[in-house]
Amino acid sequence: MAKALDITQAGPQTLAIHAGEMPDPVTGASSPNIVMSSTYVTEKPEGFSASELTEESPFVYTRWANPTVAALERKMAVLEGTEAAACFASGMAAAHAILLAELSAGDHLILSDVAYAGIAELTRDTLPRLGILVSKVDTSDPANVAEALRPETKLVFLDTPCNPLIRLSDIQAIAAIAHDAGARVVVDNTFASPIGCNPCGLGADYTMHSLTKYVGGHGDALGGAVCGRAELIRPLISEASVHYGGVMSPFNAWLIARGAATLPLRMAAHEAGARKVAAWLEQDPRVARVVWPGLSSHPQHNLAGQQMQNFSGMMSFQPAGDAAQGKAAAERAAAELALVHYAVSLGHHRSLICYLPSADMVASSFNLEGAQAEAYRAWAGHGIFRLSIGLEDADDIIADLDRVL
Ligand SMILES: *Cc1c(COP(=O)(O)O)cnc(C)c1O
């Protein structure tokens, strides 16, 4: 039997490959097996209550824990540098696990006013029904968070770089402000990936991911993860996994772990491709503005340099002209792009693009008014293309965009 690898000394690429995995002790298989079993034969009678579940419990039932999912959880914890991680069926299941674990009737949530639309809508439509108070705040200025804090504030939920503006929030500054007021901090780290940023290392209590995006990386498996201290993750598993039941399929865990093995290599390539495409877009007269954290024109380029180790492949750009011209550009893109797929989602090896008219975003997903709506338009104008740079040759991505802009 091979010796166990000491991962405490290993570099990120080694960790991405080996963390959570080892050769199969029975067969010697080098690649991990998928354990699809829903139930497990135990050596002695085991309890049926989530409250009896501990770190040492054997596998009992796959809604409680599964060896293939547990291996991915270990890999995610190692990649984020946290004690523990829990995986869920999707990024939304991961977000919902944190929100319902932390918030009860009468509690107050501060949420980034521009966040993933599903999370914006969940906190707008469902949480208030449960008696939870929600304030949407432009978290790109930590002073706005300080101003919104109340004695009942339990949680501050950040999305950085945020979807779809690619606007940043200062994790370290906001964590200090929130902790002083007794609130915990969640960062949706999907756009940066664990290679670009490790929010818990900057003071966040929870880091969440849609693994459907960069970590899985191939557009073929939904998944979500929450990383953090063991004392916070353990109750998430007993409550959200065992009782809400939105657990990850072992097959998806196996696919996502296979994707995660190449995450550091892919992120370096996504960033290199994005650098070339952003530079090309920025000099093209058909483009009014490009927003990518790696560009010196990004208003928070310095903050990006401080809290991101990789600028990722996510950018937004505004087509020149008015809203009607933006819509026409979107129609051309959907009809005529050949390499870049006109589709939602992101972080895949294939480049993906979609157009988000500001009038729709402000009115539907985000419900922004007054100064917050103005702040949105200050970044997005009449509308933006959100572009996820894939792993194709940057020159080919540029040629495809050049034909249709
Ligand atoms: C996609 C996404 C989510 C939701 O993840 P799913 O896996 O689709 O449920 C949450 N946050 C961000 C930033 C996302 O891009």
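All values derive from a computational prediction rather than experimental measurement.

1. Considerations on the overall build of the chain
- When you go through the chain residue by residue, the secondary structure sums to 15 helices and 12 strands.
- Relative to a compact globule of 405 residues, whose C-alpha radius of gyration would be 22 Å, the chain shows 21 Å and is just as compact.
- Along the first, second and third principal axes, the C-alpha atoms of the chain reach 70 × 50 × 35 Å.
- Long-range contacts, defined as pairs at least 24 residues apart, comprise 74% of the intrachain contacts of the chain with a sequence gap of at least 6.
- Of the roughly 16900 Å² of accessible surface on the chain, 55% is carried by carbon and sulfur atoms.

2. Quick word on the sheet that holds strand E5 (residues 184-188)
- The mixed open sheet is built from seven strands, whose spatial order is E1-E7-E6-E5-E4-E2-E3. For this open sheet the edge positions go to strand E1 (84-88) and strand E3 (133-137), each flanked by a neighbour on one side alone. For this sheet, the mean angle separating the axes of adjacent strands, direction not counted, is 20°.
- Bridge count between strand E4 (residues 153-159) and E5: five bridges; the pairing is parallel.

3. With respect to the pattern of salt bridges
- The tally for this structure, following the rule as stated, stands at 11 salt bridges.
- A single salt-bridge network, built from bridges that share partners, covers Asp113, Asp138 and Arg167.

4. As for the sheet that holds strand E11 (residues 352-357)
- Spatial ordering of the open sheet is given by E8-E9-E12-E11-E10, a layout of five strands whose pairing is mixed. At either end of the open sheet lies a strand with only one pairing partner, and these are strand E8 (287-291) and strand E10 (341-342).
- Sheet topology note: the E11/strand E12 (residues 383-388) ladder contains six bridges and is antiparallel. Of the residues in E12, the one forming a bridge with Tyr355 is Phe385.

5. Re the side chain of Asp138
- Note on placement: Asp138 falls in the loop between E3 and helix H5 (142-148).
- Residue classification places Asp138 among the buried positions, given a relative accessible area of 14%.
- Of the polar contacts made by the side chain of Asp138, one reaches the side chain of Ser140; its length is 2.6 Å.
- Here Arg167 takes part through its side chain, which lies 3.3 Å from a polar atom of the side chain of Asp138.
- With residues up to four places along the chain from it excluded, the contact list for Asp138 reads Asp113, Asn144, Arg167, Gln372 and Ala375.

6. Here we look at the nonpolar core
- Formed by 50 residues in total, the largest nonpolar core has its most connected members in Val156, Val277, Leu281, Met315, Phe317 and Leu387.
- Those residues within four positions of Leu281 in sequence are excluded, and the remaining contacts are Val287, Val290, Met315, Phe317, Leu387 and Leu405.
- Ala16, Cys227, Leu255 and Leu356 belong to the second-largest nonpolar core, a separate cluster that totals 43 residues.

7. A closer look at helix H2 (residues 67-80)
- With 14 residues, H2 should reach 20 Å at 1.5 Å per residue; the first-to-last C-alpha distance of 20 Å fits that figure.
- Within H2, 10 of the 14 residues are buried, which leaves it mostly tucked inside the rest of the structure.
- Three or more residues of H2 are buried, namely Thr68, Val69, Leu72, Glu73, Lys75, Met76, Ala77, Val78, Leu79 and Glu80.
- Taking the backbone nitrogen of Thr68 as reference, a side-chain oxygen 2.8 Å away marks Asn66 as the first, capping residue of H2.
- The first or second residue beyond H2 is Gly81, which carries a positive phi of 70°.

8. What to know about the layout of surface pockets
- Its boundaries defined by the atoms lining it, the largest pocket holds a volume of some 1100 Å³.
- Every residue lining the largest pocket is counted, 48 residues in all, and those nearest its centre are Asn66, Pro67, Val69, Ala70 and Ala71.
- If you list the elements that add at least two residues to the lining of the largest pocket, you get H2, E1, helix H8 (230-244) and helix H9 (250-260).
- Ranked by residues supplied to the lining of the largest pocket, first place goes to H2 with eight residues.
- Partitioning the lining of the largest pocket into residue classes produces 29 nonpolar, nine polar and 10 charged.

9. Let's talk about the pairing of E1
- Of all the five residues making up E1, five are buried; the element is thus mostly covered by neighbouring parts of the structure.
- As judged from the five bridges shared by E1 and strand E7 (residues 224-228), these two strands associate in the antiparallel manner. Within the sheet, the bridge partner assigned to Cys87 lies in E7 and is Ala225.

10. Here's the deal with unusual backbone geometry
- Residue Pro161 is reached from Thr160 by a cis peptide bond, and omega for that bond is -15°.
- Tracing the chain through its elements places Pro161 in the loop between E4 and helix H6 (171-180).
- Going from Asn163 to Pro164, the amide bond is cis rather than trans, its omega being 0°.
- Structurally, Pro164 can be placed in the loop between E4 and H6.
- Even without a glycine there, the phi angle at Ile166 is positive, about 65°.
- Tracing the chain through its elements places Ile166 in the loop between E4 and H6.
- Residue classification places Ile166 among the buried residues on the basis of a relative accessible area of 0%.
- For Ser193, which is not a glycine, the phi torsion comes out positive at approximately 70°.

Calculation notes
- Residues numbered from 1 in each chain as written.
- Predicted model: local features only at pLDDT ≥ 70, side-chain atom pairs only at ≥ 80, totals over all residues.
- Heavy atoms only, no water.
- Helix = DSSP H or I, 4+ residues; strand = E, 2+ residues; numbered from the N terminus.
- Rg over C-alpha atoms; globule rule 2.2 N^0.38 Å.
- Contact = heavy atoms within 4.5 Å.
- Areas by Shrake-Rupley, 256 points an atom, 1.4 Å probe, with all protein chains shown as cover.
- Pairing = 2+ DSSP bridges.
- Axes fitted to C-alpha atoms, helices over the stretch in contact; angles between N-to-C directions.
- Salt bridge = Lys/Arg side-chain N within 4 Å of Asp/Glu carboxyl O.
- Buried < 20%, exposed > 50% of the residue type's maximum accessible area, 1.4 Å probe, protein only.
- Polar contact = N/O pair within 3.5 Å; in protein donor to acceptor, adjacent residues only side chain to side chain.
- Core = buried A, V, L, I, M, F, W, Y, C linked by side-chain atoms within 4.5 Å.
- Expected span 1.5 Å × (residues − 1).
- 1 Å grid on protein atoms, 1.4 Å probe; cavity = no way out; pocket = protein on both sides within 12 Å on 5 of 7 lines; lining within 4 Å.
- Points joined across faces, edges and corners; volume = space filled by probe spheres on them.
- Nonpolar A, V, L, I, M, F, W, Y, C, P; charged D, E, K, R; others polar.

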